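Descriptive analysis of the structure
One letter stands for each residue in the lines below.
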Amino acid sequence: MSKKLTLNIDDELITFAHSYSQQNGLSISKLFEQYLNRLRSTDQNQELNSKTTTLYGLFQDSPIPDKKLLRTKFHEKDTN
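Below you will find a few notes about this structure. On a predicted model such as this, the values are computed, not experimentally measured, just so you know. (Residues numbered from 1 in each chain as written. Predicted model: local features only at pLDDT ≥ 70, side-chain atom pairs only at ≥ 80, totals over all residues. Heavy atoms only, no water.)

When you go through the protein residue by residue, the secondary structure sums to 4 helices and 0 strands. Ordered by position from N to C terminus, the α and β elements of the protein give α-α-α-α. Going through the 80 residues of the protein one by one, you find that 8% of them count as buried. About 7,900 Å² of surface is accessible on the protein, with carbon and sulfur atoms providing 51% of the total. (Helix = DSSP H or I, 4+ residues; strand = E, 2+ residues; numbered from the N terminus. Buried < 20%, exposed > 50% of the residue type's maximum accessible area, 1.4 Å probe, protein only. Areas by Shrake-Rupley, 256 points an atom, 1.4 Å probe, with all protein chains shown as cover.)

Relative to the helices and strands, H18 resides in helix α1 (residues 11-24). A residue is classified by how much of its surface remains accessible, and H18, at 43% relative accessible area, is partly exposed. The sequence separation of H18 and I28 amounts to 10 residues, and the corresponding C-alpha distance is 6.9 Å.

A separate point is a nonpolar patch on the surface. A surface patch of nonpolar side chains, amounting to about 1,000 Å² of accessible area, comprises L5, L7, I9, L13, I14, F16, Y20, F32, Y35, L36 and L39. Where the nonpolar patch is concerned, the elements lending two or more residues are α1 and α2 (28-41). Here L7 shows up in the segment before α1. (Patch = residues over 30% accessible without salt bridge, like charges linked within 9 Å, V, L, I, M, F, W, Y side chains within 5 Å. Salt bridge = Lys/Arg side-chain N within 4 Å of Asp/Glu carboxyl O.)

In structure tokens, the structure reads:
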């Protein structure tokens, strides 16, 4: 069952939505419905990439160092 929903959206986004919907032959309502369905079906608890996991929390107590030090720390942790 469909129901009506009123949204307050920035004028620029409304203009974009009208243009996009015309180009793709979909109503704005259908676009929004598809977007919400995609959000609902997306796994919110996706696991981190293994490389990201190894770096997670590594510099928690200190500022992020430069790229060279990050690479060194990553490879040290990767080999241990």
